[in-house]
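# Fold and geometry: a report
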Amino acid sequence: MRIAVAGLHTECSTYNPVLAREADFRVLRGPSMLKEAYFDFLTHFPAEFITVLHARAIAGGPVEAGIYARWKAEILDGIKAALPLDGVYLAMHGAMFVDGLHDAEGDFIAAVREMVGPDVLISASYDLHGNVSQKIVDALDMFSTYRTAPHIDVQDTMRRAVTMLVRALTSGARPMVAWVPVPVLLPGERTSTQDEPARTFYTQLQAVEDPTGIWDASFQVGYVWADEPRSTACAVVTGTDKAAMAEAARHLAQNYWDIREGFVFGTKVGSIEESVNWAMTADTAPVVLAESGDNPTGGGVGDRAEVLAELIAQNAQGVIFAGIADRGATDAAYAAGVGASVDISIGATLDTSSKPVYADAEVVFLLDTEEARLREAVVRIGGIELVLTARRRPFHNIPDFTKLGLDPRTAKVVVVKSGYLSPDLGPIANPSLMALSPGVVDQFVERLERKHKSIAQYPFDKEFAFTPDVKWSARAKS
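Summarised in this report is the structure supplied together with it. What you see is a predicted model, and the numbers here were worked out from it, not measured in a lab. (Residues numbered from 1 in each chain as written. Predicted model: local features only at pLDDT ≥ 70, side-chain atom pairs only at ≥ 80, totals over all residues. Heavy atoms only, no water.)

## Some thoughts on the overall build of the protein
What the protein contains, in helices and strands, is ten helices and 19 strands. Whereas a compact globule of 478 residues would reach a radius of gyration of roughly 23 Å, the protein reaches 23 Å, a difference of no more than 12%. When its C-alpha atoms are laid out on the principal axes, the protein stretches across 70 × 50 × 40 Å. Burial statistics for the protein: of 478 residues in total, 59% are counted as buried. Looking at the protein alone, contacts between residues at least 24 apart form 75% of all its contacts between residues at least 6 apart. Approximately 17900 Å² of the protein is accessible, and the part contributed by carbon and sulfur atoms is 51%. With 44 positive and 61 negative side-chain charges, the protein shows a spacing of 4 Å between the two charge centroids. (Helix = DSSP H or I, 4+ residues; strand = E, 2+ residues; numbered from the N terminus. Rg over C-alpha atoms; globule rule 2.2 N^0.38 Å. Buried < 20%, exposed > 50% of the residue type's maximum accessible area, 1.4 Å probe, protein only. Contact = heavy atoms within 4.5 Å. Areas by Shrake-Rupley, 256 points an atom, 1.4 Å probe, with all protein chains shown as cover. Lys, Arg positive; Asp, Glu negative; His and termini not counted. Charge placed at Lys NZ, Arg CZ, Asp CG, Glu CD.)

## So, the pattern of salt bridges
This structure, assessed with the given rule, holds 33 salt bridges. Taking the shortest distance from any N to any O, the salt bridge between E74 and R29 comes out at 2.6 Å. One end of the pair, E74, is in helix α1 (residues 65–82); the other, R29, is in strand β2 (residues 26–29), with 45 residues separating them in the sequence. A relative accessible area of 27% means that E74 is categorised as partly exposed. E196 is paired through a salt bridge with R199; the nearest N and O atoms lie 3.3 Å apart. E196 gets classed as partly exposed once you look at its relative accessible area, which sits at 39%. (Salt bridge = Lys/Arg side-chain N within 4 Å of Asp/Glu carboxyl O.)

## Re the environment of N295
Of note, N295 is situated in the loop between β11 (287–291) and α8 (306–313). For N295, a relative accessible area of 4% gives the class buried. The spacing of N295 and L367 is 72 residues in sequence and 22 Å in space, taken between C-alpha atoms. If we skip the residues at most four places from it in the chain, N295 touches E189, G300, K417, S418, G419 and V441.

## Looking at the pairing of strand β18 (residues 432–435)
As paired elements, strand β10 (residues 268–270) and β18 share three bridges and run parallel to each other. Paired with K268 across the strands is L433, a residue of β18. Sheet topology note: the β11/β18 ladder contains four bridges and is parallel. Opposite V288, over in β18, you have S432 as the bridge partner. (Pairing = 2+ DSSP bridges.)

## Structural notes on the environment of V415
Inspection of the secondary structure puts V415 in strand β17 (residues 413–416). Since its relative accessible area comes to 0%, V415 is described here as buried. In this structure, the C-alpha to C-alpha distance between V415 and V276, residues 139 residues apart in sequence, is 9.5 Å. Not counting chain neighbours up to four residues away, the residues in contact with V415 comprise L289, V307, L311, V319, I320, F321 and A322.

## Thoughts on the packing of aromatic side chains
Using the criterion set out here, one finds 14 aromatic pairs in the structure. Residues F41 and F45 carry aromatic rings whose centres are separated by 6.4 Å and whose planes lie at 80° to one another, so their mutual orientation is edge-to-face. Look at F41 and you get buried, because its relative accessible area is 1%. Residue classification places F45 among the buried positions, given a relative accessible area of 15%. Aromatic side chains F45 and F49 sit 6.4 Å apart centroid to centroid with 75° between the ring planes, which places their arrangement in the edge-to-face category. (Phe/Tyr/Trp six-rings, centres within 6.5 Å; stacked < 30°, edge-to-face > 60°.)

## Section: unusual backbone geometry
Of note, the bond from A322 into G323 is cis; its omega dihedral lies within 30 degrees of zero at -15°. Omega for the peptide link from N430 to P431 comes to 5°, which places this bond in the cis form. Even without being a glycine, N315 presents a positive backbone phi close to 50°. At A348, a residue that is not glycine, the phi angle is positive and equals roughly 65°. Along the chain, A348 falls in the loop between β13 (341–346) and β14 (357–366). Given a relative accessible area of 14%, A348 falls into the buried group.

## What about the packing of helix α7 (residues 272–281) against α8?
Between α7 and α8, whose axes approach to 10 Å, the crossing angle comes to 50°. Looking at the two axes, α7 sits oblique to α8. Like other packed secondary-structure pairs, α7 and α8 cross with a definite hand, here right-handed. Contact residues: α7 offers I272, E273 and V276, while α8 offers E306, V307, E310 and L311. In terms of residue class, the contact of α7 with α8 is built from four nonpolar, no polar and three charged. (Axes fitted to C-alpha atoms, helices over the stretch in contact; angles between N-to-C directions. Parallel < 35°, antiparallel > 145°, perpendicular 65-115°, else oblique. Left-handed = near helix turned anticlockwise from the far one by under 90°. Nonpolar A, V, L, I, M, F, W, Y, C, P; charged D, E, K, R; others polar.)

## A closer look at the sheet that holds β2
Here we have six strands laid out as an open sheet, ordered β2-β3-β1-β4-β5-β6, and mixed in their pairing. The two strands at the open ends of the sheet, each matched to only one other strand, are β2 and β6 (142–145). The mean angle between the axes of side-by-side strands here comes to 15°, regardless of whether they run parallel or antiparallel. Strands in contact with α1 are β1 (2–9), β2 and β3 (48–56); relative to β3, the strand with the most contacts, it is inclined by about 180°.

## Observations concerning the sheet that holds β11
The nine strands lie next to each other as β10-β18-β11-β17-β12-β16-β15-β14-β13, forming an open sheet whose pairing is mixed. Two strands close off the open sheet at either side, each with one partner strand: β10 and β13. With direction set aside, neighbouring strand axes in the sheet form an average angle of 30°. Relative to β17, β11 is paired through four bridges, and the arrangement is parallel. Bridging across to β17, V287 finds its partner in V413. With respect to the sheet, helix α9 (residues 327–336) is in contact with β12 (319–325), β13, β14, β15 (376–381) and β16 (384–389), its orientation differing from that of β15 by roughly 85°.

The following block contains the structure:
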């Protein structure tokens, strides 16, 4: 049983002006992929896995077209060299936008299907914030997506996708894919599976599965910051019983439509000014304040400084702010050295629609690294300890802070560029707040410019009807 493994995994805001380039990705190639924690679960299956290439990056702007073309060609060449194959497993995100290409996953997965031919089975795993199209569904035999946001079931989902593939190859069964687009497109911060109604909605996915006829029930929230015709919520069902699959897909789609108005933010939200004031006057600590509009793991640029400006204006004390991406400011801190004071401009080097903050900062800590692009500095501005980074990156885990000599558990206020909080930061938040800040992943999605929306869609449109319509993969048996 020979199975090729490959994938291109990233999430791209079409509103982000910064192209994602090769240096932004972690690229794995060949047999070494099986030694990585991300893919080592494959060794538990009774199959020969031919690992080709997997490129993964945090969310950002559009992927540079030349990089996509090169990686796509390398993967196709690797799959061609591995023929004959019994199956292909594609580890994807589902919200990749390539500069000038409106359905990148559709282009990629269709090319893989053309390479392997009609007899080879293809299974894919997705992030629930990925976008699906008929072109994608037509090329697949099996599909599975995350069921948690924040995402704590990544490998569980990957394992489900591979389990289905191995099951089909060993049993001779030929599963198929059905899907129902739902004209709803909401941000992840309003659809976290930690909060209602998403929590209850997602618990039913496993309940509708039937080992004999429905192998996997998935539901895509979709990715709202991609202005593409395919961007939508949808139910996706894999199985062998067409009647049961159709019923399950319609049920999930209708249920999601019926509860669409119940999706709200799972934490207290307000403007930047309101959120900073609430944080500074709270009687408990640490307050964890998420700056949502510039969240790099949602596709934000990560260099806006409006929250920093407001903290300074309110004379904030006891604050850890991690962080702002600014290569020039970071390099200036390194040039000055620990203990020195430096006059720097902070922010607005990438998202030039925003404004920088000018400050006299004391350099407190410099990360020991030989790579300039990995530099991270801590500077003190009044009562604020600010992390500056040479590259876009999130600060979601406690070790992200402690390696810089910071402990978010002892701060009065922790500010992070985030939406819903990570599993590390959520439990320490006392309380959590979210600033509805400006940026390329603006939570006020209704004010986003939608040039490529081809149908009425909630919440951009309100007064229209919806009836679930099951669509089948071109590979589905009649």
